[in-house]
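Chains, contacts and geometry: an overview
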Amino acid sequence: MGEEAPEFLGNIDKNSILGYDSESQGYSSSIAIGDKIYVLGRSDDDANSSFSLKVFDKLGGKWSNPTVLGTKPTLSKGHSAVLINKNQILVLKSDSSPDECFWFLEVDTPFVKKQRELVGREVVAWSKGITGDAPKPIVISGPSGVGKGTLIAKLMKEYPTTFGFSVSHTTRAPREKEVNGVHYHFTERSIMEKDIRDGEFLETAAVHGNLYGTSIEAVEAVTNGGKRCILDIDVQGARSVRASSLEAIFIFICPPSFDELEKRLRSRGTETEEQVQKRLRNAKAELDQGTSPGLFDHILVNDDLETCYENLKKLLALDECTDVTYQPARENFKVPVCHSVTKEDHKVLIHCGNNGLEAETAITFVLDLTLLKGGAPGRTRGLHISAGGPLTESVNGMGQV
Ligand SMILES: Nc1ncnc2c1ncn2[C@@H]1O[C@H](COP(=O)(O)OP(=O)(O)OP(=O)(O)O)[C@@H](O)[C@H]1O
Ligand SMILES: Nc1nc2c(ncn2[C@@H]2O[C@H](COP(=O)(O)O)[C@@H](O)[C@H]2O)c(=O)[nH]1
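Worth saying up front: this structure is predicted, and the values here are computed from it rather than measured.

Leave glycine aside and you will find that most residues have negative phi; peptide bonds, for their part, are mostly trans. A cis amide bond links Ala376 to the next residue, Pro377, at an omega of 10 degrees. Turning to its location among the elements, Pro377 is positioned in the loop between strand S25 (373-374) and strand S26 (380-383). The backbone of His208 shows a phi angle near 50 degrees, a positive value even though the residue is not glycine. Topologically, His208 is positioned in the loop between strand S17 (201-207) and strand S18 (210-215). A positive phi angle, close to 50 degrees, is found at Asp345, a residue other than glycine. Along the polypeptide, Asp345 turns up in the loop between strand S22 (339-344) and strand S23 (347-352). The exposure class of Asp345 is exposed, given its relative accessible area of 66%.

On the basis of which strands lie adjacent, the open sheet formed by four strands has the order S4-S5-S6-S7 and antiparallel pairing. Looking along the sheet, the strands with just one partner apiece sit at the ends: strand S4 (29-33) and strand S7 (62-64). With direction set aside, neighbouring strand axes in the sheet form an average angle of 25 degrees. As paired strands, S4 and strand S5 (residues 36-42) are joined by five bridges and run antiparallel to one another. Bridge pairing links Ser30 to Val39 in S5.

Another aspect to go through is the domain arrangement of the protein chain. Structurally, the protein chain comprises domain 1 (7-133 + 328-400) and domain 2 (138-315). Each partner contributes residues to the interface: domain 1 has 19 residues there, and domain 2 has 13 residues. The junction of domain 1 with domain 2 conceals about 1200 Å² of combined surface from both sides, 45% of it contributed by carbon and sulfur atoms. Taken together, the connections running from domain 1 to domain 2 amount to two salt bridges. The residue Arg379 makes a salt bridge to Glu220 at a minimum N-O spacing of 3.8 Å. Run the count over domain 1 and domain 2 and you get six residue pairs in polar contact (both at pLDDT 80 or more). Ranked by residues supplied to the side of domain 1 that touches domain 2, first place goes to helix H2 (residues 110-119) with five residues. Residues that form the side of domain 1 that touches domain 2 fall into these classes: seven nonpolar, seven polar and five charged.

Conventions and cut-offs
- Residues numbered from 1 in each chain as written.
- Chains lettered and ligands numbered in written order.
- Predicted model: local features only at pLDDT ≥ 70, side-chain atom pairs only at ≥ 80, totals over all residues.
- Heavy atoms only, no water.
- Helix = DSSP H or I, 4+ residues; strand = E, 2+ residues; numbered from the N terminus.
- Buried < 20%, exposed > 50% of the residue type's maximum accessible area, 1.4 Å probe, protein only.
- Pairing = 2+ DSSP bridges.
- Axes fitted to C-alpha atoms, helices over the stretch in contact; angles between N-to-C directions.
- Domains from an automatic or database assignment.
- Contact = heavy atoms within 4.5 Å.
- Buried area = accessible area lost by both parts, 1.4 Å probe.
- Salt bridge = Lys/Arg side-chain N within 4 Å of Asp/Glu carboxyl O.
- Polar contact = N/O pair within 3.5 Å; in protein donor to acceptor, adjacent residues only side chain to side chain.
- Nonpolar A, V, L, I, M, F, W, Y, C, P; charged D, E, K, R; others polar.

Written out as C-alpha cells, the structure is:
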C-alpha cells in the first residue's frame with residue numbers, strides 16, 4: 001500500500017498552482033508531470049530557508065526526496081509555479097528583482113537525465129533565469145605550460161569586476177604558492193569521487209594522472225557574483241562542456257613550437273622530470289585534438305605574451321571596453337505577492353494585482369518562452385518580459401492581456 005498524498009495535493013492543477021500550506025508554514029505548489037507530482041515547499045534546514053522539493057509517484061504511491069542540483073532559490077513572500085514544457089517548471093518569486101524572480105526547475109532535461117544516470121536516483125536541477133543576453137562563459141584550453149594561467153591572470157587583473165575564475169577541484173598536490181579555494185579546491189580522491197557520484201560536477205577528467213573537475217557550484221559562484229565565468233580546463237573537459245547546455249566560447253591556446261612549450265614547462269619549475277615528460281607526451285595528443293575542427297571556436301598562438309593577450313581581448317570584444325560589470329537590461333518589473341500565472345502557447349502570462357484591486361491598477365506581464373537559452377547547469381538566459389498593459393476586464397478572476 002502506498003503512502004497518502006497530503007491534503008494540499010487535492011488542489012493539483014496540471015499547469016499552474018499558487019498555494020499556501022499552513023502545515024509547512026509557507027507557500028507550496030504542486031505540479032503534475034506524467035505520473036509524478038512535484039511539490040515545492042519550505043525548507044528550514046538551511047539558513048536561507050530555500051525551497052524544498054518532494055516528488056509523489058502516483059503509480060507507486062510513494063514520496064521521494066530527489067537529489068537537487070544547482071543553487072536553490074531562497075523563499076520570498078510568495079511564489080507561483082507553472083509547467084512550461086514536459087521537462088521544466090517555471091517558479092516565480094514575488095517581490096523580487098527581475099534577476100531574482102525567475103527560476104527554472106528542470107525535471108527531465110538532457111542534463112538532468114545524464115546526472116540521474118550518474119547518481120542512480122531521481123534528480124532535478126535549478127537554473128536561475130536572467131534578463132536579456134548575458135555574455136557567455138569562456139573555456140580556455142591548451143597543453144600544460146602554454147600560458148593559459150598567465151593569460152587568465154592578466155585578464156582578471158585588468159578587468160577584476162568583469163571576469164571571475166571557476167575554481168576547479170583537483171586531487172593533485174598544491175604547488176608552493178597555490179592557495180586552497182583560490183587556485184584550486186585541493187581534494188582527496190575518495191571525496192572527489194563521491195562528489196562526482198552525487199552529480200555535483202559539470203565535467204571531470206583524469207589529466208596527467210590526477211582527477212580534475214569543474215563543480216556546478218564553481219560556475220554558479222562566479223555568475224552569482226555578476227561576473228563572466230572563465231574555465232581553465234583540458235581538452236576532455238572542453239568536450240564535456242561543449243556537450244552540456246552551458247553555452248560557452250571555446251578558445252584553444254597553442255605554443256609557437258613544441259620546443260618552446262618544453263622550455264616554458266621546465267622553466268616554470270613546478271613539476272618533476274617524470275611529470276614534465278608525462279605532460280609533454282599528453283601535449284602531443286592535446287595539440288592534435290585542439291587544432292582539429294569542431295571543438296574550439298578560436299585558436300590563439302601564444303608566442304609573444306602581449307600580442308597573444310591583445311588578441312584574446314579582441315576575441316572577447318574587450319579591446320576598447322572599460323572595466324564595467326555586465327548589467328543586463330532591467331525592465332520595470334516586479335511581481336507582487338498577489339498574482340497568478342498561466343501559460344498560453346509559447347508565452348507565460350503573469351497577472352499581477354488582479355485580486356481585489358481596482359482593474360486599472362492590475363497589469364499582465366508576458367514572458368516569451370521562445371527566446372529562452374541555456375539552462376542547468378548554468379543560467380537560463382534570454383528572459384524578455386514585456387508589459388501587456390493594464391487589465392480592462394477580468395474573466396473568472398483571470399486577467400486578459
Ligand atoms: N608568451 C610567453 N612567452 C614566454 N613565457 C611564457 C609565455 N606565456 C607564459 N609563459 C611562461 O610559461 C610558463 C607556463 O605558463 P602557465 O603556467 O601560464 O601555463 P599553463 O598553460 O597555465 O599551464 P598548466 O596547464 O600546467 O597550468 C610560466 O612560467 C609563464 O610565465
Ligand atoms: N577537465 C578539467 N581540466 C582541468 C580542470 N582544472 C584544470 N584543468 C587542466 O588540468 C591541466 C593541468 O593543470 P595543472 O594546474 O595541474 O597544471 C591543465 O591543462 C588544466 O587546464 C578542470 O576542472 N577540469
